[in-house]
Amino acid sequence: YGLQRKKYCVFNEQLSRGEWVKRRGELGTLTQEKIALLRSQLHALKGKLPHRGSHTFASENCTGDNIYNSRNCRYCFDITDCEDCTFVAFTPKGKDIHDSTFTAPDGLELCYYVGSSLGGQRMLWTFLAYYCSDTYYSMECHNCQHLFGCSSLRRNEYCILNKQYTKEEYEKMVVKLIGYMRETGEWGDYFPPALAPIAYNESNAHDYF
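Residues numbered from 1 in each chain as written. Predicted model: local features only at pLDDT ≥ 70, side-chain atom pairs only at ≥ 80, totals over all residues. Heavy atoms only, no water.

Asks: Before we go on, may I ask you to explain the overall build of the protein chain in this structure?
Replies: Helix and strand counts for the protein chain stand at four helices and 13 strands. The C-alpha radius of gyration of the protein chain comes to 25 Å, more than 25% above the 17 Å expected for a compact globule of 209 residues. In terms of its C-alpha atoms, the protein chain occupies a principal-axis envelope of roughly 80 × 35 × 30 Å. Counting over 209 residues, the protein chain shows a buried share of 27%. In the protein chain, of all internal contacts separated by at least 6 residues, the share reaching a separation of at least 24 is 11%. If you sum the accessible surface of the protein chain, you get close to 13700 Å²; carbon and sulfur atoms cover 54% of it. Across the protein chain, the 24 positively charged side chains and the 25 negatively charged ones have centroids separated by 11 Å. (Helix = DSSP H or I, 4+ residues; strand = E, 2+ residues; numbered from the N terminus. Rg over C-alpha atoms; globule rule 2.2 N^0.38 Å. Buried < 20%, exposed > 50% of the residue type's maximum accessible area, 1.4 Å probe, protein only. Contact = heavy atoms within 4.5 Å. Areas by Shrake-Rupley, 256 points an atom, 1.4 Å probe, with all protein chains shown as cover. Lys, Arg positive; Asp, Glu negative; His and termini not counted. Charge placed at Lys NZ, Arg CZ, Asp CG, Glu CD.)

Asks: I'm lost on a nonpolar patch on the surface in this one. Help?
Replies: Residues Y1, F11 and L42 make up a contiguous nonpolar surface patch of about 240 Å² in total accessible area. The topology assignment puts Y1 in the segment before β1 (9-10). (Patch = residues over 30% accessible without salt bridge, like charges linked within 9 Å, V, L, I, M, F, W, Y side chains within 5 Å. Salt bridge = Lys/Arg side-chain N within 4 Å of Asp/Glu carboxyl O.)

Asks: In this structure, what is going on with the pattern of salt bridges? I would like to understand it.
Replies: As a working rule, side chains carrying opposite charge can pair if their charged atoms are close by. The full count for this structure, using the stated rule, is four salt bridges. In this structure, R122 and D134 form a salt bridge, with 2.9 Å as the shortest nitrogen-oxygen distance. Of the two residues, R122 is situated in strand β9 (residues 121-127) and D134 in strand β10 (residues 133-136); the sequence distance between them amounts to twelve residues. Residue E171 pairs with K167 through a salt bridge whose shortest N-O separation is 2.8 Å. Of this pair, E171 and K167 both sit in helix α3 (residues 167-184), four residues apart, which is roughly one turn of that helix. On the basis of relative accessibility, which here comes to 40%, the residue E171 falls in the partly exposed class.

Asks: Looking at this structure, how should I read the environment of E13?
Replies: Along the polypeptide, E13 turns up in strand β2 (residues 13-14). For E13, a relative accessible area of 41% translates into the label partly exposed. Apart from residues no more than four positions distant in its own chain, E13 is found in contact with Y8 and R23.

Asks: It is not clear to me how the nonpolar core should be interpreted in this structure. Could you clarify?
Replies: Within soluble globular proteins, side chains that are nonpolar generally end up buried alongside one another. Ranked by internal contacts, the top residues of the largest apolar core, which has 21 residues, are C73, I79, C85, M123, C141, L147 and L153. Mapped by element, the contributors of at least two residues to this core are β4 (60-68), β5 (71-80), β6 (83-92) and β8 (109-115). The leading source of residues in this core is β5, at three residues. Those residues within four positions of C85 in sequence are excluded, and the remaining contacts are N72, C73, R74, C76, G94, K95, D96, I97 and H98. Y136, F148, I160 and Y170 belong to the second-largest nonpolar core, a separate cluster that totals twelve residues. (Core = buried A, V, L, I, M, F, W, Y, C linked by side-chain atoms within 4.5 Å.)

Asks: Honestly, the packing of aromatic side chains in this entry has me stumped. Any pointers?
Replies: To describe a pair of aromatic rings, one takes the distance between the centres and the angle between the planes. Tallied over the full model, the rule gives 16 aromatic pairs. When the centroid spacing of 4.8 Å and the interplanar angle of 70° are considered together, the rings of W125 and W187 count as edge-to-face. Residue W125 is found in strand β9, and its partner W187 is found in the loop between α3 and α4 (205-208); the two are separated by 62 residues along the sequence. Plain terms: the ring middles of Y190 and F191 are 5.2 Å apart, the flat faces sit at 65° to each other, and that makes the pair edge-to-face. Y190 gets classed as partly exposed once you look at its relative accessible area, which sits at 25%. (Phe/Tyr/Trp six-rings, centres within 6.5 Å; stacked < 30°, edge-to-face > 60°.)

Asks: Can you walk me through the state of the cysteines in this structure?
Replies: Applying the stated criterion to the full structure yields zero disulfides. Free cysteine C111: the closest other cysteine sulfur is in C85, separated by 10.0 Å. C111 gets classed as buried once you look at its relative accessible area, which sits at 1%. (Disulfide = S-S within 2.5 Å.)

Asks: What is the right way to look at the sheet that holds strand β3 (residues 56-57) in this model?
Replies: Sheet strands pair via backbone hydrogen bonds, and the direction of the pair is either parallel or antiparallel. An order of β3-β4-β5-β6-β7-β8-β9-β10-β11-β12-β13 is seen for the eleven strands of this open sheet, with the pairing classed as mixed. The sheet is open, and its two borders are formed by β3 and β13 (163-164), each paired with just one other strand. (Pairing = 2+ DSSP bridges.)

In structure tokens form, the structure reads like this:
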């Protein structure tokens, strides 16, 4: 555990090639019992040795793990070339995004609570949106801008609930909708679990837990 540029070692003990071959031969065929014993011995060995706190490379002022070429990122995991992000995972080229995940290969900018989306700017509470901007509470929309509560649109703009509006009508309606959602307490929350595309027990949540 934790060795670098080593060979012919058994539980971190340095052996000659002949000794290593002999020890390997003594082990014989791997059975379930032998695997369990080896695993317990490795676990005991790991407990006595230093553990790396995180894998952070060429980065500044970051916390999390698997962080590369990033700066000012807090609680981020598996990110590359990101800046000023918080609670972000599996994301490259992200800038000023928060509570978002799975945005490869093109990251997001100025987004909040966005999942499985990429190449967008100024998106809020959006899922599976590709190359969209100024998009709120929408799902499965591609190459769109200025959407509110839309689903499955392609190359559209100024739409509310998939209905087309003029720029002026859209801006007036959105102000009213946001005001109403603030009164009801809905504004600022992601889609409720009832609208999830799959059930929680069929998701990857248990694997990550």
